[in-house]
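# Geometric and topological summary
Below, each chain spelled out in residue letters.
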Amino acid sequence: MTIKQGPSQETERALYQRMVARAEPSPPRLRNAVMAFVSGGLVCVLGEGLTDFWEAVLGISHKDAANPTVATLIFLSSLLTGLGLFDKLARHAGAGLAVPVTGFANAMTASALEFKREGLVFGVGGRMFQLAGAVIVFGVVTAFAVSIVAGLLRLGR
Amino acid sequence: MARKRIGPQTVKLEQPPVIIGAAAVAGPLEAQGPLGQEYDRTYPDLTLGQSSFEKAERQMMIDACNLALQKAGITGKPPAVDYFLAGDLLNQIISASFSGLEVGVPMYGLYGACSTFCESLAIGAQLIDGGYADRVLCAASSHNAAAERQYRYPTEYGNQRKPYAQYTVTGAGAVVLAAIGEGPRITYCTTGRVVDFGIADPFNQGAAMAPAAVDTIEAHLRETGRRVEDYDLIVTGDLARFGRDMARQLAAQRNLILGGNYNDCGAMIYDHTRQDVHSGGSGCASSAIVTCGHLLKEMARGKLRRILVVATGALLSPTTFQQGENIPAIAHAVALEA
Amino acid sequence: MMYLKAFLVGGFICLVAQVILDNTKLSPGHVLSGFTVAGGILGGLGLYDKLVEFAGAGASVPISSFGNSLVKGALQELEAHGLVGALTGMFEMTSAGIAAAIIFAFLTAVTFNPKS
């Protein structure tokens, strides 16, 4: 049996990859973009509303009200995830739900929920950060790097 | 060359083994698809009343096996079969192994990703024709939620799927092969080679597997001396709609015309106009439930006399993807004749 | 007025992410990590806070604000306590978010079951 090697097979492979890339159906870009814009905007509007709400109810400053706002959004996202509704919404909203803190909460809740079959320790505890961990890691590393640079610049002054 | 070998990849079965019983079970989405009435049993939800998706998949494989054995007229526990050949998509093929525990006969666990069903038929047929077995039970299964939580994302995670992505079929198919009996026969087996055409996107498995399918179909036709027209139907396992198009185009580039008698199980299982499955079905169950549920029944009805089932598998893991590797694929073909 | 600005800025940030997701093979994890890093860098330059002042929740709700808060916390402690502040301050402003996410994820996992 001859093993096909050499230029003819390489060219066929390259041709195939190009054929696939050309033929790949693309997502409905315009619709996705509009949906992401609108839903992301609405989530932020909800956030703004919640900030005003907590400011009034708790009698704290607008800045301090950011914390209970974030917590509320996270609570709502976790609840919707648990009810099996978040992924149905996200299918249409795309980045509009993934980019706000709602996406972070969904990633953590979905992982914890999915792996509960493996128990509280291995599953819920061990796998909770599977999807969201990268965000925390890169956020912390960036913050460390930025503050070290800032610190050194200040020392140099 | 060995006596029953007719080419580098193909063997001719001297005394073609018979399919004396077969059964397909499927999940709710599949039941709502175009072939929904063809399956022997369908389930209203993905859990089957079990406490995990993995246990549900196991139950489906056991159900399929029991139904197939029943139809073959084999009662008794353990059943009077010489081997149980089975595989699935889960790590360490736990569905197959735990089903094997239940079946209770000597077993070989198999992994060919989504090509496992034809792999099991081919090996089972050769065990019988080789004089090593009188009867073999072959099975394959997959489960959408169990596959997603292992290979991709948790089921409640809100991500948008690409339009060429495929949907893992929830179901199981089982076949009882015998040296003697009545039913369609397996006449040829063409074993696939691992093929890598440089596709690395795990969400585009159809494109990754299409070259393997074409490679195996070509080898089969060349080595048996048959033509595409000699088959009433050539069906691939789970290329789905996009992969099916890629296979057609790639084959055409090699002067192999896959025309009206070519289809794909993954494209047949769902109605993409009303079911949100993007390109179509994937998974071991794709080829298994279409063959056991629909194609064998069509053969019994006299509508199909000679078919070539080419199950396709994408041989990647989450690890290889994360390490930046391409997706190698394989396709195994069995010829079934009434 | 703030509501409109929140809508437009927040929507725009999500739009950029969606365009990246639809036109590249990057995963959501990549894009969100990138946005977090961007928020952190802009925060270090003092620019992100200006965006928050301008657009309110439109800037503070997207994940980029998480990067900004981490940096702000670290810088605050750096001012007060020197270089060690780069370590001690980070989670001060993000504690509510992280704690809430963990707690609600846990409670949800205990209460519900995954469907499909």
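Residues numbered from 1 in each chain as written. Chains lettered and ligands numbered in written order. Predicted model: local features only at pLDDT ≥ 70, side-chain atom pairs only at ≥ 80, totals over all residues.

## Section: the overall build of chain A
The condition is simple: Only runs of H or I of at least four residues qualify as helices and only runs of E of at least two qualify as strands under DSSP, and these elements are numbered from the N terminus. C-alpha atoms define the radius of gyration in this analysis, and the globule rule sets the expected value at 2.2 Å times the number of residues to the power 0.38. Neighbour counting defines burial: a residue surrounded by 20 or more other C-beta atoms within 10 Å of its own C-beta is buried, one with 12 or fewer is exposed, and intermediate counts give partly exposed, using backbone-placed C-beta atoms. Any two residues are considered in contact once their C-beta atoms, placed from the backbone, lie within 7 Å.
For chain A, the count of helices and strands is eight helices and zero strands. Secondary structure elements of chain A, listed N to C terminal, follow the sequence α-α-α-α-α-α-α-α. Its C-alpha atoms give chain A a radius of gyration of 23 Å, more than 25% over the compact-globule value 15 Å for 157 residues. Its C-alpha atoms give chain A principal-axis dimensions of about 80 × 55 × 40 Å. In chain A, which comprises 157 residues, the share counted as buried stands at 46%. When contacts within chain A are restricted to residue pairs at least 6 apart in sequence, long-range pairs at least 24 apart make up 57% of them.

## A few points about the domain arrangement of chain B
All names here are of chain B. Definition in use: Boundary definitions for the domains trace back to an automatic or database domain assignment. As a working rule, the residues Ala, Val, Leu, Ile, Met, Phe, Trp, Tyr, Cys and Pro are called nonpolar, Asp, Glu, Lys and Arg charged, and the rest polar, with Gly in that last group.
Partitioning chain B into domains gives domain 1 (15-178) and domain 2 (185-337). Its C-alpha centre places domain 1 at a distance of 18 Å from the equivalent point of domain 2. Mapped onto the side of domain 1 that touches domain 2, the elements with two or more residues apiece are strand 2 (18-26), helix 1 (28-31), strand 4 (83-88), helix 4 (116-129), strand 6 (135-142), helix 5 (144-151), strand 7 (166-168) and strand 8 (171-178). Tallying contributions element by element places helix 4 first for the side of domain 1 that touches domain 2, with eight residues. Residue classes in the side of domain 1 that touches domain 2 are distributed as 31 nonpolar, 14 polar and seven charged.

## So, the nonpolar core
Threshold: By definition, a nonpolar core groups buried Ala, Val, Leu, Ile, Met, Phe, Trp, Tyr and Cys residues that connect through C-beta atoms lying within 7 Å of each other.
In terms of nonpolar packing, the biggest core is built from 124 residues, with A64, A68, L137, A174, V310 and V334 of chain B touching the most fellow members. For this core, the leading source of residues is helix 2 (residues 53-71) of chain B, giving ten residues. Taken together, domain 1 (15-178) and domain 2 (185-337) of chain B each give at least three residues to this core, which thus spans both. Counting residues in each nonpolar core, the second largest holds 79 residues, with F37 and L46 of chain A together with A57 and A74 of chain C among its members.

## Some words on the pairing of strand 10 (residues 233-236) of chain B
Residues and elements named next belong to chain B. Under the convention used in this document: Strands are treated as partners if at least two bridges between them are detected by DSSP. By convention, orient the strands away from the viewer: a clockwise path from the first strand over the helix to the second makes the crossover right-handed.
Inspection of the sheet shows strand 10 paired to strand 13 (residues 306-314) by four bridges, in the parallel sense. Bridge assignment links I234 to a residue of strand 13, and that residue is L308. Sheet analysis places strand 10 next to strand 11 (residues 262-264), joined by three bridges and oriented parallel. By the bridge assignment for strand 11, T236 is matched with D264. The parallel pair strand 10 and strand 11 is bridged by helix 7 (residues 240-253), and the resulting crossover is right-handed.

## With respect to the interface of chain C and chain A
Listed as interface residues are 57 residues of chain C and, on the opposing side, 59 residues of chain A. Tallied by class, the residues present in the side of chain C that touches chain A amount to 40 nonpolar, 15 polar and two charged.

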